[in-house]
Amino acid sequence: MYDDLDDIDDSMMELNDEASYVCGSCGEDIVVPVDNSEGRDQQYVEDCPVCCCPNVIYVEIDQDGFINVRSHLE
Ligand SMILES: [Zn+2]
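Quick caveat: nothing in here was measured; it's all calculated off a predicted structure. (Residues numbered from 1 in each chain as written. Predicted model: local features only at pLDDT ≥ 70, side-chain atom pairs only at ≥ 80, totals over all residues.)

Thoughts on the overall build of the protein
What the protein contains, in helices and strands, is 1 helix and 5 strands. For the protein, the succession of helices and strands along the chain, N to C, is α-β-β-β-β-β. For the protein, with 74 residues in total, the buried portion stands at 8%. (Helix = DSSP H or I, 4+ residues; strand = E, 2+ residues; numbered from the N terminus. Buried ≥ 20, exposed ≤ 12 C-beta atoms within 10 Å, placed from the backbone.)

As for the sheet that holds strand β4 (residues 54-61)
The antiparallel open sheet is built from 3 strands, whose spatial order is β3-β4-β5. Because the sheet does not close on itself, it has two edges, and the strands there are β3 (41-47) and β5 (67-73). Ignoring which end each strand starts from, the neighbouring axes of this sheet average 25° apart. Where β3 and β4 come together, 7 bridges link them in antiparallel fashion. Across the sheet, residue D47 finds its bridge partner in β4, namely P54. (Pairing = 2+ DSSP bridges. Axes fitted to C-alpha atoms, helices over the stretch in contact; angles between N-to-C directions.)

Some remarks on the environment of G65
Within the element layout of this structure, G65 appears in the loop between β4 and β5. With 10 C-beta atoms packed within 10 Å, G65 lands in the exposed category. Taking C-alpha positions, G65 is 9.8 Å from D17, a pair spaced 48 residues apart along the chain.

With respect to unusual backbone geometry
For residues other than glycine, phi is negative in most cases, and the peptide bonds are mostly trans. Unusually for a residue other than glycine, C52 sits at a positive phi of about 70°. Among the structural elements, C52 can be located in the loop between β3 and β4.

What to know about the environment of I30
Along the chain, I30 turns up in strand β2 (residues 29-35). Under the C-beta neighbour-count criterion, I30 is labelled partly exposed, with 18 such atoms within 10 Å. Separated by 10 residues in the primary sequence, I30 and S20 have C-alpha atoms spaced 5.2 Å apart. Aside from chain neighbours lying at most four places away, what touches I30 is S20, Y21, C23, C48 and P49. (Contact = placed C-beta atoms within 7 Å.)

This is how it looks when you write it as structure tokens:
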């Protein structure tokens, strides 16, 4: 199988990071990409990929670049 994921990384100019939250419904640890260009405080709704329950995700990026993610069920 040909794996060309490296080519996708090369085309991404924005600095992206990852963080994780715990789904409020099934308790699974869900890893989400964090786009630093969206600001230090972000909020959005994401359906859990495991149980499909919508979680409200709060992303906070402090001045050291540390990403803090909290969530609760919508
Ligand atoms: Zn879930």
